[in-house]
Amino acid sequence: MLPEYAELHCVSNFTFQRGASHPEELVVRAAELGCAALAITDECSLAGVVRAHVAAKQAGLKLIIGSEFQLIDGPRFVLLATNRHGYGNLSAVITRARRAARKGGYSLCRADLADGVPDCLALLLDPDTVSEEHLAWFSATFVRVWLALELLHGPDDDVKRVHIEQLAARYRLPVAAAGDVHMHVRQRRALQDALTAIGLGTTVAAAGAALHASGERHLRAREKLARIYAPAPLAETVRIATQCTFSLDELRYEYPEELVPPGETPAGYLRRLTEAGMRDRWPDGAPEKVQRLIEHELVLISELRYEAYFLTVHDIVRFAHSQDILCQGRGSAANSAVCYCLGITSVDPARMEMLFERFISKERGEPPDIDVDFEHERREEVIQYIYQKYGRDRAALAATVITYRYRSAARDAGKALGMSVAQVDRLAKSRAWWDGQRVLPERLREAGFDPDSAVMQRWRMLVDVLTGFPRHLSQHVGGFVIARDALHRLVPVENAAMPERTVIQWDKDDLEALGLLKVDVLGLGMLTAIRRALALINEFRGQSLRLAAVPAEDAATYAMIQHGDTVGVFQIESRAQMAMLPRLRPATFYDLVIEVAIVRPGPIQGDMVHPYLQRRQGLEPVTYPSEQVRGVLERTLGVPIFQEQVIKLAMVAAGFSAGEADALRRAMAAWKRKGGLEPFEQRLITGMRERGYDEQFARRVFDQIKGFGEYGFPESHAVSFALLAYVSAWFKCHEPAAFTCALLNSQPMGFYAPAQLVQDARRHGVEVRAVNVCV
Amino acid sequence: MGDCRAAGIQLLAGTNMLWLCLYFRSLSLDVLARGDCSPVPRVVVFGPETRLQVLVPNAAALVRGIHAEMRLSAAQTLVDDLHVLTRDAAAEQAAVSSIAAWCGQFTSTVSLLSPDAVLLEIGASLRLFGGLPRLRQTIDAGITALGYHVQTGIAPTPLGAWWLARANIAEPATDNEQLRAALARVPLRCMALESDVMAVLQGVGLRTVGDCRRLPRDALARRCGVTFINMLDRALGDAPDPRPLFVPPPYFTSRLPLPAAVDDCAMLLFAIHRLVLELAGFLQAREAGVPGFVLQLCHQGRAPTTVAIGLVSASRDAAHLLRLVRTQMERTPLPDTVHEVALVARDIRPLVATATTLFDTAETRGGDHWTALVEQLRARLGDDAVTGLQLVADHRPERAWHYCAPGEDRPGVSNAARPLWLLVEPLLLRQRDHRPLLPGHHGALTLRRGPERIESGWWDGGDVMRDYFAARHDDGIRVWLFRERCPDATGQRRWFLHGIFG
């Protein structure tokens, strides 16, 4: 009978330059070994726990949240959170330690732990090397204490064991087995040594005693552990694990409370705002179709308890409007009629096809991702508003995990192996951008290295594993997390590189995975330019033109666009676009939507552009294999151009459920990096054939899906952008002087340099005077 | 004025002082390239890895069109096989200190002028060394023999000497009159001014020190600060300029990086010659000698080769020491190319300046018995038979030590229990039922302590994966064994004997 075991001391590669395995790898391995639980205890950090959490849910493994610390004036130990309160305390301790030191380090002393960190368990590491004084302090400070027994086939394991047992008897403390795990399998030993060398800034050969003596610090099989340990310390680990019941899922739904006025419920408030917005948008009453759509959305939002997301963004957008800052929602949020009513997006559900499931779906179980573009020059005002409204202790920017890419991995691996600066430089630059992720032997030969030499093989091995490892945390540009209570009890906050700036330890993906309230505040140069243009025109002509009042479907504007005369126009000013415009000849708003989406690598690689143009020009017959397919593809002449169409096709023609179709969309986006479209291929083609479509059609659709890759545009996104494209084109056509002036004042932005914009303005008959500097 | 304080820290400037300044104009390069005299184009670079710039080109590179501040990539297009060296500021500092110590043989008053100049007060040494021209020539020749390019300036004030050296004005100025005349021609950049002061002076069209002196003092002070005026006064001898005295270190150590890895004995001796000359100067300055010293030949990626030179009696005769080195080197095989040579001499003994012996004799002259014992053992058994042991930080037991010169061992940290005797090569043992058998001993081996797992060394082709055990044999002998973790070709995991306790 194998003993039960829970690994309670384990660092992942988020303990930079120490851990040699991804959190996911550790979780999967622990599950394979049949561990009762795994604690990820990165040093003074919780940066990797969300990834571990997601992997653990999939693998069916119990995950414990903890962290390892080395005190300035005390011993090394691990703290494990037992419940939400304990977790908050742990996060607060990490925050205090990190804020007290420069970026990348931490500083914790005994006084900081005077309250004993309630609801956390404490595991004292290397108790046989700890002084009497520290041991006594440790035992007195924490409520539930264990001594860790880490037998790693060192030179004096027996002596160590006896010594620790004696200490346990003297201080009446239980002993628990632990593994000082730095990697998931023994084979990572070389990388772990290399990381130590990199951390010390030296080579592995010179690192000497700093390297571990063996590769024993990995997740070991329970048979092994049974041979090394007596049953009692192993059983103790399970006892500890049982006391830890906290799961990161408990962090969901902690929304800020001030979003909803007192006396109202979130759902009620949202409905009230939506209805007010409806009256605003459709003074004569909203169409039947829209009313049904809104009802459907509100019900789903309420069921999934996502009101807070909409209310938060609505509040920010309201602030922006009050300050005359132009803004527009983008991405999948434009699929939502509720967002339109709340003024977040500008895509009119009465005129466009909406696919709400693209935005929120029950199957996905993920909170909505509402990204809003603001004028890039005034984005900072919006950010300050968020800080001011929620306070700096409740709102913070998300982190970005800077990972090792090929160049940095090549450099660090080369330095660790003792190569010279010149050699390392040549290696780092030896890759061509089309090589993909692998290191090609030919490339190395070209750079003057022998890829089969022992050194180069070691180097390649290191680079292969090191690529994708986290290096450090940096501040994300615009992703905010907003907490209900103190943020640092939700996730640890540490110092960023710039003074007076802080960053949380989780990135956007982590926040999404946990369902925390995240808002993306992005900047768009064209919005700045448009507002400036409006201001100039109004001042010059004494009017008060608003963005929404720009005349729609103006023939002169479309004529200009069809000639490819689009320097300065949003999204359709690049050379590729200018080449396409005379061929596609957009004449209506929807044509612009297609134009924006079609000149992209995705549709080009998926071979959609040519057929579309042929059909548009009437050179090819437009046929649909069935009525359902017509319903999906009619507006793009039978050629799938948008992501939503692919999803709908999969649902309608191959019988995918909404959730499955969404999974297909995600696989589409990531397959170039990770592969994984094969299962869908089978399903899609079989599904289509079952419904009577021929093999050729099915194959073509699948090839188009592959071509989409990560570049397939969501229709809603294209619509949002097409709106701005149209408005900027209208300005260019009717008010070229004001428009050019606005563009110049909003630099840097757009595709063209100021000189080119000025030249283009001149060509259109705008009088451009000489530079006049008044002092 | 003019008396030296007993503590010897500061020296008041007074009358009858004469300063000689040695200015090392290409120190960064000399430090790295003086071990090799071949006319290969070389540059020293500085800056971030992605934007390296040339700091100093050598003569061969200068001739091919490379100049300072040029981007390295540009320089490399001019010269294909350009030899690139990275600046080593620590080595530069160490070099200046070494040179200062060497200068001590000419005067007891040496002062450092950072970062690349040394001052000697030679007023008191002129008679001893045969007059100014001869002293200057001796010093110049000596510095050149050490491998450095130097410009000398001679003046009654330290700053004056420095500026003249920087301006490469060779005529000595022996009194303040001559000094004023000489300094008049010295350009501003030789004064090593702060950039803002420099900007002010250049801005009003001044070009030389003479120009500065022609302006009214108070106006100059207002624009350039009182510090500037003080500096001028001190340079021209109108104000005292006390200089901190250089104190040489108690023992000698000097490194000489070789610009290109070398395995040729003659080229190594060329480099070592430089180091021996430095040592000789250092010893001369202290009127001391050494009974022996150690040469370290550093290789890439392995432990350095140590060559210990022992003498019967202390000496500081450069030629003699070099002869001994040559003899020793002929018997020392080099396992790999050498990229750096270092010389360390810790045992410095007072030696009265009498003629040193030309031939080694078997007599010892006092000194400690340890050295005498070593000398005798070596004489009888050969130099190679007598060595010391030194700990190396490596988890692999066979790499955790190496030979060194006797008495050269540094205390190392090792907290693992290791046997006193380690076999040079682990001995393969026969097994019965997976248990090891000790050759030549009947009876059983009992494993007492272990396994201690050692898995390390993958980076140099010497990866080991072993479990070590301390075992005791029935007839009392205690041994250190290991078992390989990977089975061999026959599927067995082999046992080896690696050491013996007690």
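Look a little higher up for the structure.
Criteria and cut-off values
- Residues numbered from 1 in each chain as written.
- Chains lettered and ligands numbered in written order.
- Predicted model: local features only at pLDDT ≥ 70, side-chain atom pairs only at ≥ 80, totals over all residues.
- Heavy atoms only, no water.
- Helix = DSSP H or I, 4+ residues; strand = E, 2+ residues; numbered from the N terminus.
- Contact = heavy atoms within 4.5 Å.
- Areas by Shrake-Rupley, 256 points an atom, 1.4 Å probe, with all protein chains shown as cover.
- Expected span 1.5 Å × (residues − 1).
- Buried < 20%, exposed > 50% of the residue type's maximum accessible area, 1.4 Å probe, protein only.
- Arc of directions from axis to C-beta.
- Pairing = 2+ DSSP bridges.
- Axes fitted to C-alpha atoms, helices over the stretch in contact; angles between N-to-C directions.
- Buried area = accessible area lost by both parts, 1.4 Å probe.
- Salt bridge = Lys/Arg side-chain N within 4 Å of Asp/Glu carboxyl O.
- Polar contact = N/O pair within 3.5 Å; in protein donor to acceptor, adjacent residues only side chain to side chain.
- Nonpolar A, V, L, I, M, F, W, Y, C, P; charged D, E, K, R; others polar.
- Phe/Tyr/Trp six-rings, centres within 6.5 Å; stacked < 30°, edge-to-face > 60°.
- Lys NZ or Arg CZ within 6 Å of the ring centre and 35° of its normal.
- Parallel < 35°, antiparallel > 145°, perpendicular 65-115°, else oblique.
- Left-handed = near helix turned anticlockwise from the far one by under 90°.
- Right-handed = clockwise from strand over helix to strand, strands pointing away.

Engineer: Just to check I follow, could you spell out the overall build of chain A for this structure?
Structural biologist: In terms of regular secondary structure, chain A is built from 34 helices and 14 strands. Nonlocal contacts in chain A, meaning residues at least 24 apart in sequence, comprise 75% of its contacts between residues at least 6 apart. Summed over its atoms, the accessible surface of chain A is roughly 32,300 Å², and 51% of this surface lies on carbon and sulfur atoms.

Engineer: Whenever I open this one, the overall build of chain B confuses me. Can you help?
Structural biologist: When helices and strands are tallied, chain B shows 14 helices and 22 strands. Relative to all contacts within chain B whose residues are 6 or more apart in sequence, the contacts with residues 24 or more apart total 59%. Total accessible area computed for chain B in this model is approximately 25,600 Å², and 54% of it derives from carbon and sulfur atoms.

Engineer: Just checking my understanding: could you explain helix α11 (residues 288-304) of chain A for this structure?
Structural biologist: Counting along an α-helix, one turn takes 3.6 residues, and residues three or four places apart therefore face a common direction. Residues and elements named next belong to chain A. In this model, α11 (17 residues) spans 25 Å end to end at C-alpha, consistent with the 24 Å of a helix rising 1.5 Å per residue. Of all the positions in α11, only Val290, Ile294, Glu297, Leu298, Leu300, Ile301 and Leu304 are classed as buried. For α11, the angular spread of buried residues about the axis comes to 165°, placing them on one side. Structural note: α11 exposes Glu288 and Arg292 on the side pointing more than 90 degrees away from its buried face. Downstream of α11 by one or two residues, Arg305 has phi in the positive range, about 60°.

Engineer: Got a minute to help me understand the sheet that holds strand β3 (residues 42-46) of chain B in this structure?
Structural biologist: Strand pairing in a sheet relies on backbone hydrogen bonds. The paired strands run either parallel or antiparallel. Residue and element names in this part refer to chain B. Reading across from one edge, β4-β3-β5 is the order of the 3 strands in this open sheet, with mixed pairing throughout. Looking along the sheet, the strands with just one partner apiece sit at the ends: β4 (53-57) and β5 (83-86). Put simply, the sheet's adjacent strands are angled 40° from each other on average, direction ignored. Note that β3 and β4 share 4 bridges and pair antiparallel.

Engineer: Before we go on, may I ask you to explain the interface of chain B and chain A in this structure?
Structural biologist: Interface size is often expressed as the accessible area that is lost when the parts come together. Taken residue by residue, the interface counts 19 residues in chain B and 26 residues in chain A. Interface of chain B and chain A: buried area, both sides summed, is about 2,100 Å²; carbon and sulfur atoms make up 51% of it. Per-residue buried area on chain B facing chain A is highest for Arg453, Trp458 and Trp459 of chain B; these three make up 37% of the total on that side. Where chain B meets chain A, there are 3 salt bridges. For the pair chain B and chain A, the interface holds 11 residue pairs in polar contact (both at pLDDT 80 or more). The greatest single-element share of the side of chain B that touches chain A, amounting to 7 residues, is contributed by strand β19 (residues 445-456) of chain B. Looking at the side of chain B that touches chain A residue by residue, the class counts come to 7 nonpolar, 4 polar and 8 charged.

Engineer: Looking at this structure, how should I read the packing of aromatic side chains?
Structural biologist: Any pair of aromatic rings gets described here by the distance separating the centres and the angle formed by the planes. Residues and elements named next belong to chain A. Inspection of the entire model under this criterion finds 27 aromatic pairs over all chains. Pairing Trp137 with Phe142 gives two aromatic rings, centres 6.1 Å apart and planes at 80°, and the pair type is edge-to-face. Accessibility classification places Trp137 together with Phe142 in one group, the buried group. Sitting above the plane of the Tyr390 ring, Lys389 keeps its charged end 5.7 Å from the centroid. Above the ring of Tyr404, the side-chain terminus of Arg471 is found at 4.8 Å from the ring centroid.

Engineer: Would you take a moment to explain the packing of helix α21 (residues 525-541) of chain A against helix α32 (residues 715-734) of chain A for this structure?
Structural biologist: Helix-helix packing: each pair is described by the crossing angle between the helix axes and the interaxial distance. All names here are of chain A. Packing of α21 against α32 leaves a shortest axis separation of 11 Å and a crossing angle of 40°. The pairing of α21 with α32 is recorded here as oblique in orientation. The chirality of how α21 crosses α32 is left-handed. Contact residues: α21 offers Met526, Leu527, Ile530, Ala533, Leu534 and Ile537, while α32 offers Leu724, Val727, Ser728 and Phe731.

Engineer: Just checking my understanding: could you explain the pattern of salt bridges for this structure?
Structural biologist: It is possible for side chains of opposite charge to pair when their charged atoms get near one another. Per the counting criterion, the structure on display carries 74 salt bridges over all chains. For Arg110 of chain A, the salt bridge is made with Glu133 of chain A, and the minimal N-O distance between the two is 3.1 Å. Residue Arg110 of chain A is located in the loop between α3 (84-99) and β5 (120-124), and its partner Glu133 of chain A is located in helix α4 (residues 132-141); the two are separated by 23 residues in the primary sequence. Arg186 of chain A serves as the salt-bridge partner of Glu455 of chain B, at 2.9 Å between the closest nitrogen and oxygen. Of this pair, Glu455 of chain B sits in strand β19 while Arg186 of chain A is found in the loop between β7 (175-177) and α6 (189-200), placing the two residues in two different chains. This pair shows no difference in class: Glu455 of chain B is buried, exactly as Arg186 of chain A is. When salt bridges that share partners are traced, they join Arg186, Glu216, Arg220 and Lys224 of chain A together with Arg453, Glu455, Asp467 and Arg485 of chain B into one network.

Engineer: Where do I start with α4 of chain A in this structure?
Structural biologist: All names here are of chain A. Turning to α4, its buried residues number three or more, namely His134, Leu135, Trp137, Phe138 and Thr141. Looking down the long axis of α4, one finds its buried residues gathered within 165° of arc, a one-sided arrangement. Across α4 from its buried face, at more than 90 degrees, point the exposed residues Glu132 and Ala140. Looking at the packing, one finds that the buried side of α4 touches β4 (76-81), β5, β6 (145-149) and α5 (157-171).

Engineer: It is not clear to me how the pairing of strand β2 (residues 37-40) of chain A should be interpreted in this structure. Could you clarify?
Structural biologist: Where a strand is regular, its side chains alternate between the two sheet faces. Residue and element names in this part refer to chain A. Neither face of β2 is left uncovered, since the one carrying Ala37 and Ala39 and the one carrying Leu38 and Ile40 both have all their residues buried. With 2 bridges joining them, strand β1 (residues 6-7) and β2 adopt parallel strand pairing. Among the inter-strand pairings, Glu7 is bridged to a residue of β2, identified as Leu38. For the crossover from β1 across helix α1 (residues 23-32) to β2, the handedness is right-handed. Two strands pair when backbone bridges link them, and β2 and strand β3 (residues 63-70) are joined in this way by 3 bridges, in the parallel orientation. The partner of Leu38 across the bridge, within β3, is Leu63.

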